[in-house]
Amino acid sequence: MGNAKDIDQSRISDIYHLNQNFRTHAGVLNLSQSVIELLHIFFPHHIDNLSPETSLIYGAAPIWLESANDDNAIITIFGKSGEKAGRSTSGFGAEQVILVRDDSVRKEIAEHIEKQALVLTIAERKGLEFQDVLLYNFFGTSPLKSQWRVVYGYMKEQNLLDSNDVKFPKFSKAKHQILCSELKQLYVAITRTRQRLWICENMDEFSKPMFDYWKKLCLVQVRELDESLVEAMQVMSGNEEWCSRGIKLLDQGNYEMATLCFERAGDSFLEQLAKAAGLRASGVHVLGSNTELASVALVEAAGIYESIGKADLAAKCSWS
């Protein structure tokens, strides 16, 4: 057994929480912290009690978009499908993304924007960060629906309500358990941006409680989605930027978006490589449930691999 001096020197150092954020600016951090605050209030045992993150980087408050004449914001920004030939706008760049709740919403948006922007689900964003994020219809597609109004209860306790006539349900942990996961998803979505965050909703009834909460705390700015703002939102990226983003997405198994990136980069080899990888993954996924569909995907993948000189990968498609 060592002496007291040896024992003292072998002690584990104290653990400190690093709350200085060098990645993003104060405007985004303040908004994300407001979500953490709600988690602490409603679900105190589901989140660690840590000091709020701070940033020395100045940044404007995230923007809550309002469309004129109730137009669909996606159509306003990217135009209608089939009407893009005469558009002078470039769409989003490689450091910009549209974040949505699930794959059904992603497919719906893809029909409108085609290849003008990356569209990811919140789950697919794991490990990825972007300069700019457009969070689309998070509350409008929420399973909580009108139950987001429980937020008004907290606002009333904090004297944040402008009217006593606001109706809201009494919070019940059992009844509103899903609010916990919804707030965590919202936090993740907000913190994917390093610079600009736009929030766009098409269901005022469901989004209004959080909008009122943020607006009362002066955490969002409201902007009408007009032509000048649309132009300011869109950023062009070079081939190297698109290629770099495509490689990150390919490494994470997001083959569809990786293929889009390589196409935008003008790299036909990597585009075909990503496309083949996606087909092979799809084939393997349904191999146990639909052998015919799996065979079609794997044969096509093998053909693409062969065409770009990847015979080794083509061979793997035959025994997957």
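See the structure above.
Residues numbered from 1 in each chain as written. Predicted model: local features only at pLDDT ≥ 70, side-chain atom pairs only at ≥ 80, totals over all residues. Heavy atoms only, no water.

What about the pattern of salt bridges?
When the charged atoms of two side chains lie near each other, side chains of opposite charge can form a pair.
Next, step 1: The final tally for this structure, using the stated rule, is 11 salt bridges.
Next, step 2: Put simply, glutamate 95 and arginine 194 hold a salt bridge, and the shortest N to O gap is 2.5 Å. Linking glutamate 95 in the loop between helix 3 (73-78) and strand 2 (96-100) with arginine 194 in strand 5 (residues 193-200), this pair joins segments that are 99 residues apart in sequence.
Next, step 3: A salt bridge links lysine 107 to aspartate 103, with the nearest nitrogen and oxygen atoms 3.4 Å apart. Placement of both lysine 107 and aspartate 103 in helix 4 (residues 103-113) is noted, with a separation of 4 residues, approximately one turn of the helix.
Next, step 4: By relative accessible area, aspartate 103 is classed as partly exposed at 31%.
Next, step 5: Here the salt bridges share partners, and the residues they tie into one network are Glu95, Glu129, Arg194 and Arg245. (Salt bridge = Lys/Arg side-chain N within 4 Å of Asp/Glu carboxyl O. Helix = DSSP H or I, 4+ residues; strand = E, 2+ residues; numbered from the N terminus. Buried < 20%, exposed > 50% of the residue type's maximum accessible area, 1.4 Å probe, protein only.)

Topic: the environment of glycine 91
Next, step 1: Topologically, glycine 91 is positioned in the loop between helix 3 and strand 2.
Next, step 2: A relative accessible area of 0% means that glycine 91 is categorised as buried.
Next, step 3: A sequence separation of 140 residues divides glycine 91 from glutamate 231, and the C-alpha atoms of the two residues are 9.2 Å apart.
Next, step 4: Setting aside residues no more than four positions away along its own chain, glycine 91 makes contact with Phe78, Gln96, Gln116, Gln234 and Val235. (Contact = heavy atoms within 4.5 Å.)

What about the environment of aspartate 162?
Next, step 1: Along the chain, the position of aspartate 162 falls in the loop between helix 5 (150-157) and helix 6 (178-190).
Next, step 2: Judged by relative accessible area, which is 68%, aspartate 162 ranks as exposed.
Next, step 3: Distance from aspartate 162 to lysine 216, taken between C-alpha atoms, is 9.1 Å for residues 54 residues apart in sequence.
Next, step 4: Polar contacts involving the side chain of aspartate 162 include one to the side chain of lysine 216, which spans 2.6 Å. (Polar contact = N/O pair within 3.5 Å; in protein donor to acceptor, adjacent residues only side chain to side chain.)

A short note on the pairing of strand 4 (residues 130-136)
Next, step 1: Within strand 4, 6 of the 7 residues are buried, leaving the element largely enclosed by the surrounding structure.
Next, step 2: Examined bridge by bridge, strand 4 and strand 5 share 6 bridges and lie parallel to one another. Looking at the pairing, tyrosine 136 lines up with cysteine 200 of strand 5. (Pairing = 2+ DSSP bridges.)

Focus: the packing of aromatic side chains
Next, step 1: Scanning all chains against the criterion turns up 12 aromatic pairs.
Next, step 2: Plain terms: the ring middles of phenylalanine 42 and phenylalanine 171 are 4.7 Å apart, the flat faces sit at 45° to each other, and that makes the pair tilted. Here phenylalanine 42 is found in helix 2 (residues 26-42), whereas its partner phenylalanine 171 is found in the loop between helix 5 and helix 6, with 129 residues between them in sequence.
Next, step 3: Residue phenylalanine 42 is classed as buried on the basis of its relative accessible area, which comes to 8%.
Next, step 4: Judged by relative accessible area, which is 25%, phenylalanine 171 ranks as partly exposed.
Next, step 5: Chaining the aromatic ring pairs together yields one cluster made of Trp64, Phe138, Phe139, Trp148, Phe211 and Trp214.
Next, step 6: Over the ring of phenylalanine 130 we find arginine 245, and its NZ or CZ is 3.9 Å from the ring centre. (Phe/Tyr/Trp six-rings, centres within 6.5 Å; stacked < 30°, edge-to-face > 60°. Lys NZ or Arg CZ within 6 Å of the ring centre and 35° of its normal.)

As for the sheet that holds strand 4
Next, step 1: Taken in spatial order, the 6 strands of this open sheet run 3-2-4-5-1-6, and their pairing is parallel. The sheet is open, and its two borders are formed by strand 3 (119-121) and strand 6 (221-224), each paired with just one other strand. Each adjacent strand pair in this sheet contributes to an overall mean axis angle of 30°, direction not counted. (Axes fitted to C-alpha atoms, helices over the stretch in contact; angles between N-to-C directions.)

As for helix 9 (residues 239-251)
Next, step 1: Taking 1.5 Å per residue, 13 residues should reach 18 Å; helix 9 reaches 18 Å between its end C-alpha atoms and fits that length.
Next, step 2: Within the span of helix 9, buried status applies to Trp242, Cys243, Arg245, Gly246, Leu249 and Leu250. Projected down its long axis, helix 9 carries its buried residues within an arc of 165°, all on one side. Facing away from the buried side of helix 9, by more than 90 degrees, are the exposed residues Glu240 and Asp251.
Next, step 3: Residues of helix 9 that are buried sit in contact with strand 3, strand 4, helix 10 (255-265) and helix 11 (268-285).
Next, step 4: Directly beyond the C-terminal end of helix 9, a positive phi value near 80° is found at glycine 253. (Expected span 1.5 Å × (residues − 1). Arc of directions from axis to C-beta.)

Examining helix 11
Next, step 1: Relative to the 26 Å expected for 18 residues at 1.5 Å per residue, helix 11 spans 26 Å between its end C-alpha atoms, a close match to the ideal helical length.
Next, step 2: Inspection of helix 11 places Leu270, Glu271, Leu273, Ala274, Ala276, Ala277, Gly278, Leu279 and Gly283 among the buried residues, and these make up the whole buried set.
Next, step 3: Where helix 11 begins, the capping side chain belongs to aspartate 267, and its oxygen is found 3.3 Å from the backbone nitrogen of phenylalanine 269.

Let's talk about the packing of helix 9 against helix 10
Next, step 1: It is at 8 Å that the axes of helix 9 and helix 10 come closest, and there the two elements cross at 165°. As summarised for this structure, helix 9 and helix 10 are arranged roughly antiparallel, according to the angle between their axes. Every pair of crossing elements has a handedness; the one defined by helix 9 and helix 10 is left-handed. Counted together, Asn239, Trp242, Cys243, Arg245, Gly246, Ile247, Leu249 and Leu250 of helix 9 and Tyr255, Met257, Ala258, Leu260, Cys261, Phe262, Arg264 and Ala265 of helix 10 form the full contact between these two elements.
Next, step 2: Taken together, the residues of the contact of helix 9 with helix 10 break down into 12 nonpolar, 2 polar and 2 charged. (Parallel < 35°, antiparallel > 145°, perpendicular 65-115°, else oblique. Left-handed = near helix turned anticlockwise from the far one by under 90°. Nonpolar A, V, L, I, M, F, W, Y, C, P; charged D, E, K, R; others polar.)

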